[in-house]
Each structure stands twice: as C-alpha cells, then as structure tokens.
Amino acid sequence: MSSTTRLTVAQALVRFLSVQYTERDGLRHRLIAGTWGIFGHGNVAGIGQALLEAGEDAMPFHQGRNEQAMVHAAVGHARQLNRLSAQAVTTSIGPGATNLVTGAALATINRLPVLLLPGDYFATRAADPLLQQLEHPTEADVSVNDTLRPVSRYFDRIHRPEALIPAALQAMRVLADPADTGAVTVALPQDVQAEAYDWPEEFFAERVWRVRRPAPDPLELAEAVRAILGAARPLIVAGGGVHHSEAEEALKAFADATGIPVTSTQAGKGSLRHDHPADVGGIGHTGTAVADDLARTADLVIGVGTRYSDFTTASGTLFQNPDVRFLNLNITSFDAHKLAARTVVCDARAGLEALASALGGHRVNAAYEAEYRAGKERWEREVTRAFEAADENAVPTQTQLLGALDAVVGDEDVVINAAGSLPGDLHKLWRARSPRQYHLEYGYSCMGYEIPAAIGVQQATPDTPVWALVGDGTYLMMPTELVTAVQEGLPINLVLIQNHGYASIGGLSESVGGERFGTAYRYRAADGTFSGAPLPVDLAANAASLGMDVLRAKTVRELREALATARASDRPTCVYVETDTATPTAPPAAAWWDVPVAETASREAAVAARTEYDRQAAARRTHL
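Residues numbered from 1 in each chain as written. Predicted model: local features only at pLDDT ≥ 70, side-chain atom pairs only at ≥ 80, totals over all residues. Heavy atoms only, no water.

Trainee: Give me the overall build of the chain: which residues, what numbers.
Mentor: A count of helices and strands for the chain gives 24 helices and 23 strands. Its C-alpha atoms give the chain a radius of gyration of 25 Å, within 12% of the compact-globule value 25 Å for 624 residues. Along the first, second and third principal axes, the C-alpha set of the chain runs to 75 × 70 × 55 Å. Residue burial in the chain is summarised as follows: out of 624 residues, 57% are buried. Long-range contacts, defined here as pairs at least 24 residues apart, represent 76% of the contacts in the chain between residues at least 6 apart. Just so you have it, the chain exposes about 24300 Å², and 53% of that area is on carbon and sulfur atoms. (Helix = DSSP H or I, 4+ residues; strand = E, 2+ residues; numbered from the N terminus. Rg over C-alpha atoms; globule rule 2.2 N^0.38 Å. Buried < 20%, exposed > 50% of the residue type's maximum accessible area, 1.4 Å probe, protein only. Contact = heavy atoms within 4.5 Å. Areas by Shrake-Rupley, 256 points an atom, 1.4 Å probe, with all protein chains shown as cover.)

Trainee: Quick rundown of the pairing of strand β23 (residues 573-578)? Include the residues and the values.
Mentor: Of all six residues in β23, five are buried, a share of seventy percent or more. By the bridge criterion, five bridges tie strand β22 (residues 549-553) to β23 in an arrangement that is parallel. Across the sheet, residue Asp 549 finds its bridge partner in β23, namely Thr 573. In this fold, the crossover linking β22 to β23 by way of helix α23 (residues 556-568) has right-handed handedness. (Pairing = 2+ DSSP bridges. Right-handed = clockwise from strand over helix to strand, strands pointing away.)

Trainee: Got a sec to walk through unusual backbone geometry? Specific residues and values, please.
Mentor: Pro 129 follows Asp 128 through a cis peptide bond whose omega is 0 degrees. The phi angle at Asp 25 is positive, at roughly 55 degrees, despite the residue not being glycine. Its location among the elements puts Asp 25 in the loop between β2 (20-24) and β3 (27-30). Judged by its relative accessible area of 48%, Asp 25 is partly exposed. In the Ramachandran plot, Leu 339 falls in the positive-phi region, its phi being about 60 degrees despite a non-glycine side chain. Along the polypeptide, Leu 339 turns up in the loop between α13 (333-336) and β17 (342-345). Judged by relative accessible area, which is 24%, Leu 339 ranks as partly exposed.

Trainee: Talk me through the nonpolar core; I want residue IDs and the actual numbers.
Mentor: Soluble globular proteins: nonpolar side chains tend toward being buried together. Counting residues in each nonpolar core, the largest one holds 80 residues, and the members touching the most others are Ile 228, Trp 467, Leu 469 and Leu 563. Counting residues per element, this core draws most heavily on helix α15 (residues 366-387), which supplies six residues. When neighbours within four sequence positions are excluded, Ile 228 is seen to be in contact with Phe 254, Ile 260, Leu 300, Ile 302, Leu 327, Leu 355, Leu 359 and His 362. Ala 104, Ala 107, Val 457 and Leu 494 belong to the second largest nonpolar core, which has 46 residues in total. (Core = buried A, V, L, I, M, F, W, Y, C linked by side-chain atoms within 4.5 Å.)

Trainee: Kindly report on the sheet that holds strand β11 (residues 207-210), identifying the contributing residues and their values.
Mentor: Pairing is mixed across the open sheet formed by three strands, whose spatial order is β3-β2-β11. Pairing within the sheet leaves two strands with one partner each, and these edge strands are β3 and β11. Strand-to-strand twist of the sheet, defined as the mean angle between neighbouring strand axes without regard to direction, takes the value 30 degrees. Most of the contacts of helix α6 (residues 164-176) go to β11, to which it runs at about 35 degrees, and overall it touches β2 and β11. (Axes fitted to C-alpha atoms, helices over the stretch in contact; angles between N-to-C directions.)

Trainee: How would you explain the sheet that holds strand β6 (residues 86-91) if you had to name every residue and give the values?
Mentor: Across the sheet, which stays open at both edges, the six strands sit in the order β5-β4-β6-β7-β9-β8 with parallel pairing between neighbours. Each end of this open sheet is capped by a strand with a single partner; those strands are β5 (61-63) and β8 (154-157). On average, each strand axis in the sheet is tilted by 20 degrees relative to the strand beside it, whichever way the strands run. Strand direction decides the pairing type here: strand β7 (residues 114-120) and strand β9 (residues 183-189), joined by five bridges, are parallel. In the sheet register, Gly 119 faces β9, and the bridge partner there is Leu 188. Running at roughly 155 degrees to β7, helix α5 (residues 100-109) makes contact with β6, β7 and β9 of the sheet.

Trainee: Give me the lowdown on helix α14 (residues 348-359), citing residues and values where you can.
Mentor: Across its 12 residues, α14 extends 16 Å between first and last C-alpha, which sits within 8% of the 16 Å expected from 1.5 Å per residue. Buried residues of α14: Ala 348, Ala 350, Gly 351, Leu 352, Ala 354, Leu 355 and Leu 359, and no others. In this structure, the buried side of α14 is in contact with α8 (218-229), α9 (240-244), α10 (248-258), β15 (300-304) and β16 (325-330). Measuring from the side-chain oxygen of the N-cap residue of α14 to the backbone nitrogen of Arg 349 gives 3.1 Å; that N-cap residue is Asp 347. (Expected span 1.5 Å × (residues − 1). Polar contact = N/O pair within 3.5 Å; in protein donor to acceptor, adjacent residues only side chain to side chain.)

Shown next, in the form of structure tokens:
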C-alpha cells in the first residue's frame, strides 16, 4: 500500500507543479517556473495560502496589478524560453477570472503555454449564490469561467479533490506538447481549494515531460523533395515555429545549401539574421517589397512553422503565380494542411535537416539568386533612408525613432511590440540580429501586451536588455505593470511614443472611407466631432508617478542620447518622445489587406474606397 500525505487541494496542486519539468535535447527546464496572482475571496484562502506555505523556493510568486497583464507576462516568459517553460496565473472568481480571457486567447492563438487557475463557485453549493457568482437560470453548473473554454486548449473544473490528479496530469501534457499547447484552464471551486485529502506520494514525484522532435514521415519527405527539385522559384515563409523549435541554425544551413530565399512572418522574423544573403525580410501586408514581389511569382511556397494569417497571405491575394503550390512543414497537422499544401508534419529542426540531407546539394538557379539579392540590396537602401534624419535637431519621425534604437541596441537586446502602426514599420524595417531580438505579438495584436511581456522576458532571461515600444493608445490601456517592474527591480526600457490617438487605425480608417472617425485623442469641437485641440495629457509624468525613471526627448539627437542612457541604466526607464506624424518616412504597404468597405454610402470617401476595394478583392485566390 502506497503512503499518503494529507494536504488541501491547493497545497497539493502547488506541490505537484513545483516538481514538473520539460526536457528537450538533454536540457531540462521547470515547466511551471512561477505563479502570478491577485488575491480575492475566491483564491486567497486556497491557492494563496498554499503558495505562502510552499515558499519561494518551491514556487516563486509574482504580484500583478491586472489579471490580463499577468497572462501577457507569462506569455512573454514562455516565448522567450521557446515554450519549454511556462508560468501559472491565479485569480479570484468574477471579474478577476473574466479578465483572463483576452490573455488566454492571445496565448492560444500564438501557440504559447500558460496555466490559468481561476477561483470558482462553491462545489457543495453551501453558499449559493456567493459574491460575484453568475447565476444561469437553466444551467446551474455554468460559471463565468466557462468563457475560458473556447480560448483554452484544455479546460477542467475540479469538483472533488481526487479529480485534481487526472486533471493536473492532462494540463501538464498539453502545456508541454508543442503540437497542442496554448492556454490551459483548471478552474478551482473555492471550497474545494481548501478541502483536505490523502494524496498518494506518487503524485508528488518529479516528472519530466519530454518535448519531442518528431521526424518527417519518409513518404511525405520524398514528396517534399520532389516538389523542391521541380520548382524554379521556391520561396520559404519562416514562422514562429522556427523559433519555438530552435531551428534557426538548421534554416540557415538549408538556405546556405539551396540558395532558396527566406521571408518571415511577424512571429518568424529573426529566423535568419538580417544580413544573411537569403533573408529578404517580412512577407505580406507589412512585408518588404522584395519579399512580396518574390511571393507573387513563386511556384513553390515552403511554409515552415507558420499558420498563414491574412497578413501573411495579403488576404489571399499575394501568391499569384497560376502554378503556385504549397509545401508546409509544421508540427501540427492543422497548420500543415492549410492552402491545400503537401504536408511534412514534424518538428521544424528535424524537418529542415532531413530535407537538406535528402536534397543532396540541390541549389536554385544562379539567376534567381542574383535577382533576389539585388532586390535585397534595393530594400536595404529603403531601410537606411527611413532610419536616417537629415536634421539631428528635428522632431523624429517614427521610423527615425527605430533608426535611433537600431543604433543603440546590441545583438542580445529584445524589442517587444504588439499593436498600432509600429508592427508594420518594424516588420518592414527592423534589422533583426539574433533569434529572439524581434518579439512581435501579432497573432492577437493585443494593445497592452508590451509592458507585461517585457517583464516576462526579463524574468526568463534576467541579463537581457528589453525594450517595450508603445504608443499613447496602448499605454493608456495597460500601464499598470510598470509598478510591478519597479517593485521587482526589473530594468525594462519603455519607449513611449505620443502621437495623440490611434495612429494605425486612423490611417486604416482613412484608407477605407472612415475619415479617421473616432481615432484622435482631442477635445470635442463645436460640431460635436473630436477635432479640437489635442488633450493635455502628460504620459511621461504618469510613468514617473508609477516609479519609472523618465527621459524626455524632443529631437533626434536627444532621442539617441536618451535611448543610450536607458540601455545603460539598471532601473526601469521610460524614454518619452512626441513624433512627427506629418512627414511620411515609412515605405508604403507592398501588399493588400482585406478590410471590408461599405458597399453603399453617401460620403465621397467611402464611395472611392469601395471602388479601390473591389479592384483589390478581384485578385483574391482560393488555393486548392
């Protein structure tokens, strides 16, 4: 008969989580490296007490200010460590739990692991209804936590202590599985959290979840080789799976051997260093002109670890060669089969290595290499033009800000962004120098992600200089975790750009006939529109009030000096700058994005926009 230990459900869960590990290529990581939490009546006496009792060595605790932001921080941590380590997030019931939903959606869409532990109603119904409980008139077992079901890769609610054992094991399986990972929710009724049970000691034994590298199926590999050998203009689309698999060196070796040009999605940028001869930059609506021109004429598109979002495919208009076919190498069958592709369902590194070996020295035509290398050189001149400032004493444009940052960062720095006009400029222009330098969350493009993600990255790799780039719109949505950075002494760098509104959506609104309606941060004018003077907000003062060191920069020269000072600081530092929005310096989009325009309208701008929409939409293709 096995021995048992009497613990509460919460105590047992914390102890279980403290001895879970992943292992890949012989390297071991803690699967749950720490727990974020905000306490309320739904978790303070359960998970809260258990964390206190376990201590920091068993389960480090991180104090957050907003539940959504805590999930973002955990996602940043997981991405920085290539999905081999995750963090947990505990909340009370009610609004604390529903605040998790946005972060959970972001994690699952981006295929990144995070463990969510929201409190829940009384399983015994001893108190019913309790504070913040949702009462459903026909389904009594429904709670607000059920909103997490569609955005979770695994969901369970623990109504009895012994149910924790299979649920906890399944939760770890999903978190550690690269083909199935995302947000995992284990809802914890607050009375069950505090209930004691005699747990088998085996439940607390150290467990290692091996992260596999499945090799290609021989028949799929042979078909892939035939497709590549038969292609005159092949093109690689590198997605986030290249990073998650740590397949960057394998991709470099493949590109070196074959000469096939490499484009990248937002998640895949940095898969090749920017100055590699085969790297032609970002693809799709926010991509480079050279990459998009190659995509239009490619006869074979080789997707590696990408899920082909509408930005990548230019809403189905990018790949225009009548004979184009797709070959997708992906660890998930779901993504591999997109665009009616030939599939190689395997680990990215294992697949690239197998393909390189099987191709036996095959290389693309020299004229094709010369073509894309010349295009790359032309685009580099565009980048230089956008980054440089003729007048060092002028107000910087947004692309000149990126140029100033490019001049300051080292190969080890991480640059984080998620929303606004910056993702487009960064995807086109940023010169990624290392695999993890470019950190764009563009699966969910969630405003408010950047600051907490910077904290998560800093926790994952403490000696890494981290930059969170945010506009005023994003900052106003979620600046709260600056307090956490100050509290923990995490020297994140915040670049805060003031452009008085939603600059990206303002530009999009104008292009689709919306006339920038509702996108400016201004006083109401006499006609009722928001077209008055800019609001007198001082975001730099706000950041300072939250404990940040703040540097204000008004010119290009001051900006470069402020960025250098921030990088050298061991304190959380904000560089605040108001950019010149009137002088266009970013290259225009080289591919379309489908945002439907009103089919009938009385305003001239919308009528004109619909004409252009119909023209672009006519190029949309369904690849079968």
